[in-house]
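Remarks on the overall topology
This is what each chain is made of:
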Amino acid sequence: MTASVTERTANDICYLYVAKSNNVYSKPSEITFIKTRCDDASAIFNNTYNVVEDNQFTTVLPYVEENPPKRSTEYLSFDGCIQPVILEFDKCSMELQQERAEFLADELNTPMFLVHSGNKSYHHYIYFKNFADNNDEYKLRCKQFVAYLAKEYPEYYVTEQDANKNVELVPDYSMFTGNRYTRQADGKRDNGVKQEAWILHDVDDCDALSIDIFLSDNNSYSGAETGDSGLGLPIEKKKPRRSTYEFLAIGASEGERDNRCYQAACNLRECGYSMEDATMMLIEGGKRCTPVFPESEVKNKVKSAWSNTRNGGYNPIDKSRPFPFIERSTSDYFYVLEDRLYQAKKSVLKDILKSHHVEMPDPLPVFEFKFDVNDDTQIDFSNRTFNLFTPTMYHLMNPDGQQLDGNRDFPTINKLLTNLIPVDSERNHFLNWLACALRTRKKLMTAYVLKGAQGAGKGLLFGRVFKPMFGETQTMQIEDEQLKQPFNGYLKNVCFIAFNEVAHDNNGRNSLNSKIKSMITDPTITINEKFVRPFVINNNANCIFFSNESVPLLIEQSDRRFNVVETGDALTKNNWFNAEKTIPMLTAELKNFAQYLWNLDINIGLANTALANDVKNSLISASTNRFQEFAMKLKEADIEWFIDNYEGYSTIDEWTLDQLKDKKISKNKALDLFKGIYPDQRITQTNLTKKLRLFNILDGRDKTFNRERIYFWST
């Protein structure tokens with residue numbers, strides 16, 4: 001290890017920056033950084049513990065500078081005189097978690113505090129004297145500390161390697177990544193709930209212990225071997241996979257040397273081997289290959305395995321060669337070639353591999369499919385997962401500070417959007433909504449409805465802007481008839497859905513409305529496919545609805561889901577539109593438009609708030625049945641509406657109108673009004689009474705001298 005901060009002279013004092021964030025998607029420019037002396041344990045502890053403007057999150061470790069270029073491990077500061085280990089348990093009761101934290105507080109007299117995440121776990125911060133100079137060393141020491149706890153207190157702690165013994169006692173090892181967000185003491189969640197916190201040992205009441213005293217006798221556990229980490233520290237090693245042993249013992253043939261060597265390097269790194277030891281071992285394996293795998297190539301594979309990491313995963317694929325594997329949940333055979341996924345029978349797969357001069361691996365790697373929009377890693381060897389989500393180049397952009405202008409930098413897209421959303425305020429709301437969907441990758445709680453003339457450009461917006469921006473295979477256009485079907489497999493593995501030519505009819509009104517609402521706001525959704533048992537997935541899809549119909553959807557009075565806008569005329573009526581020239585320009589301008597979205601000062605709260613405008617109000621009115629409308633107008637005492645719509649308006653006496661203001665009306669007069677507004681001789685007093693009760697309009701006798709039968713309401 002390099003000289004720790006405690007060995008620095010007064011002239012060498014440096015600073016670190018504690019990060020405070022309102023949400024996990026905040027960019028560095030949106031994070032508050034608290035400047036803190038590296039040698040002041042009290043300042044580090046308190047600046048981490050204390051909330052800033054109700055922020056929800058802080059990072060495990062601070063940063064070396066204020067506003068770093070990105071929130072990644074390369075900018076973490078390891079100079080703090082104290083450093084935390086953060087333990088979180090996701091799969092056990094809150095009572096056990098609190099009991100365990102209090103027990104450890106009795107055992108270890110070192111600064112620590114506990115934060116209730118607001119969900120189903122506590123985040124337990126335990127501070128020790130500076131024990132790591134880099135992120136690899138930090139992860140290692142945290143894991144070794146858990147190994148110590150598991151050895152000494154097996155009733156409370158179990159290591160990741162022994163998870164099968166009791167998964168409830170295994171902490172979340174991903175918390176050992178220094179740049180991971182963790183819960184802020186006394187911060188407020190989006191729902192306003194405070195994340196309560198307790199200081200178990202205050203930093204001013206005790207000195208931080210050295211973590212070394214807990215690790216000296218803990219170099220091995222669960223049958224693990226020991227060795228040198230390359231950091232001057234003992235390290236626990238897991239047993240390598242059989243395929244790794246095979247490469248080391250017998251090498252591999254020419255068609256599979258690259259992948260087998262790389263996979264073995266990744267596996268050795270996972271198992272705790274140093275880069276130097278892995279290189280020496282793999283060079284020997286390379287010598288056993290046919291023909292011999294050059295030493296320089298082995299070193300390149302090892303270097304790549306140690307450096308090409310993101311979110312804990314590896315990407316070993318030589319894209320010009322097929323990479324085969326078995327999917328765990330289905331036992332089906334797949335292969336990846338040029339970033340595209342294909343399914344094949346085993347016999348066919350062998351021929352495909354031969355045609356590319358690649359032999360069938362033995363054994364075939366096994367991965368489980370997932371669709372995680374927040375993970376950019378396709379193949380994660382550590383967790384044996386294959387991510388079906390592929391970020392586009394537009395997902396991976398960052399703000400660059402440019403002042404982009406729609407008229408100058410993406411004029412064709414700007415004109416298309418202006419035709420589709422003519423009102424400036426509505427268009428600005430849409431741009432913020434779209435930027436939030438692209439940059440945060442979150443499922444927003446609102447959807448857009450674009451209704452208007454055929455040929456206004458709705459299809460161009462989806463096909464030439466949304467599909468390339470969010471991914472050709474990750475966007476889906478659904479027709480109205482599909483929406484009405486019981487099967488919804490189209491919701492799998494997509495992050496954007498356009499419902500095209502949606503049109504409301506009264507058949508199946510309630511079921512369709514319920515289905516649409518769940519698509520927009522539910523965090524999970526049940527998938528129904530033919531011949532497959534229903535299953536639940538995370539709902540990642542943001543939604544937009546296109547329609548030429550006057551009433552595309554039923555929208556309720558209290559709706560908080562839909563943004564509704566009226567489009568302009570058909571594009572052919574615009575002088576600037578020429579299909580042959582205009583459409584290619586949409587593609588050419590997309591990069592500038594995406595950069596504009598990345599440079600916007602986004603407001604996710606605004607994106608999750610539905611617009612209120614005349615177009616939406618008209619749809620709400622059209623979606624309201626006659627009894628609901630009548631009840632609503634009674635409660636609003638909308639006298640002008642009754643006068644305008646009642647055929648016998650001249651007979652509405654002032655006494656009746658005054659009754660409305662007092663939140664009541666004669667039952668006979670109400671029936672007369674209803675029949676005058678909605679001509680229907682079949683409606684009876686009894687039927688009207690039953691219908692109005694559904695909207696909290698009750699019946700009884702007036703308290704005045706004549707004791708007239710009336711309807712009355714409170715709001």
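Residues numbered from 1 in each chain as written. Predicted model: local features only at pLDDT ≥ 70, side-chain atom pairs only at ≥ 80, totals over all residues. Heavy atoms only, no water.

**Remarks on the sheet that holds strand β26 (residues 664–666)**
Strand pairing in a sheet relies on backbone hydrogen bonds, with the paired strands running either antiparallel or parallel. One open sheet holds the three strands; their spatial order is β26-β28-β27, and the pairing between them is antiparallel. At either margin of the open sheet sits one strand with a lone partner, and together these are β26 and β27 (698–701). Shown here is a sheet whose adjacent strand axes are inclined to one another by a mean of 35°, direction ignored. Here β27 pairs with strand β28 (residues 709–712) via four bridges, running antiparallel. For Arg 701, the partnering residue across the bridge sits in β28 and is Arg 709. Set on the sheet, helix α22 (residues 667–677) makes contact with β26, β27 and β28; between it and β26 the angle comes to about 85°. (Pairing = 2+ DSSP bridges. Helix = DSSP H or I, 4+ residues; strand = E, 2+ residues; numbered from the N terminus. Axes fitted to C-alpha atoms, helices over the stretch in contact; angles between N-to-C directions. Contact = heavy atoms within 4.5 Å.)

**Focus on a negative patch on the surface**
A grouping of Glu 99, Glu 102, Asp 106 and Glu 107 is seen on the molecular surface, where their side chains present a negatively charged patch. If you trace the backbone, Glu 107 turns up in helix α2 (residues 94–107). (Patch = residues over 30% accessible without salt bridge, like charges linked within 9 Å, V, L, I, M, F, W, Y side chains within 5 Å. Areas by Shrake-Rupley, 256 points an atom, 1.4 Å probe, with all protein chains shown as cover. Salt bridge = Lys/Arg side-chain N within 4 Å of Asp/Glu carboxyl O. Lys, Arg positive; Asp, Glu negative; His and termini not counted. Charge placed at Lys NZ, Arg CZ, Asp CG, Glu CD.)

**Section: empty space enclosed by the protein**
The full count for this structure, using the stated rule, is five cavities of 30 Å³ or more. Counted as a void, the largest cavity has a volume near 110 Å³. Around the largest cavity sit 17 residues that line it, and Ile 44, Val 60, Leu 61, Pro 62 and Pro 84 are the ones nearest its centre. Of all the secondary structure elements, the ones that give two or more residues to the lining of the largest cavity are β1 (15–21), α1 (41–49) and β4 (82–88). Residues belonging to the lining of the largest cavity are distributed by class as follows: eleven nonpolar, five polar and one charged. (1 Å grid on protein atoms, 1.4 Å probe; cavity = no way out; pocket = protein on both sides within 12 Å on 5 of 7 lines; lining within 4 Å. Points joined across faces, edges and corners; volume = space filled by probe spheres on them. Nonpolar A, V, L, I, M, F, W, Y, C, P; charged D, E, K, R; others polar.)

**Observations concerning the sheet that holds strand β6 (residues 122–129)**
Spatially, four strands are ordered β4-β6-β5-β8 in an open sheet, and the strand pairing comes out antiparallel. Each edge of the open sheet carries a strand with a single partner, namely β4 and β8 (197–201). With direction set aside, neighbouring strand axes in the sheet form an average angle of 20°. In terms of strand pairing, strand β5 (residues 112–116) meets β8 through four bridges, oriented antiparallel.

**Some details on the confidence of the model for the protein**
Confidence in the prediction of the protein, expressed as mean pLDDT, is 83, and 88% of residues score 70 or more. Within the protein, the lowest mean pLDDT, 36, falls on strand β9 (residues 225–228), and the highest, 96, falls on helix α11 (residues 411–420). Confidence over residues 217–236 falls short of pLDDT 50; this stretch has 55 contacts with residues more than four positions distant or in other chains. Within the model, pLDDT remains below 50 along residues 506–510, and this stretch shows three contacts once partners closer than five positions in the same chain are excluded. (pLDDT = per-residue confidence, 0-100.)

**Section: the pairing of β1**
Here β1 lies mainly inside the structure; six of its seven residues are buried. Pairing between β1 and strand β2 (residues 32–37): six bridges, direction antiparallel. Across the sheet, residue Ala 19 finds its bridge partner in β2, namely Phe 33. Both β1 and strand β3 (residues 57–59) contribute to a ladder of two bridges, which runs antiparallel. When the sheet's bridge partners are listed, Ser 21 is paired in β3 with Phe 57. (Buried < 20%, exposed > 50% of the residue type's maximum accessible area, 1.4 Å probe, protein only.)

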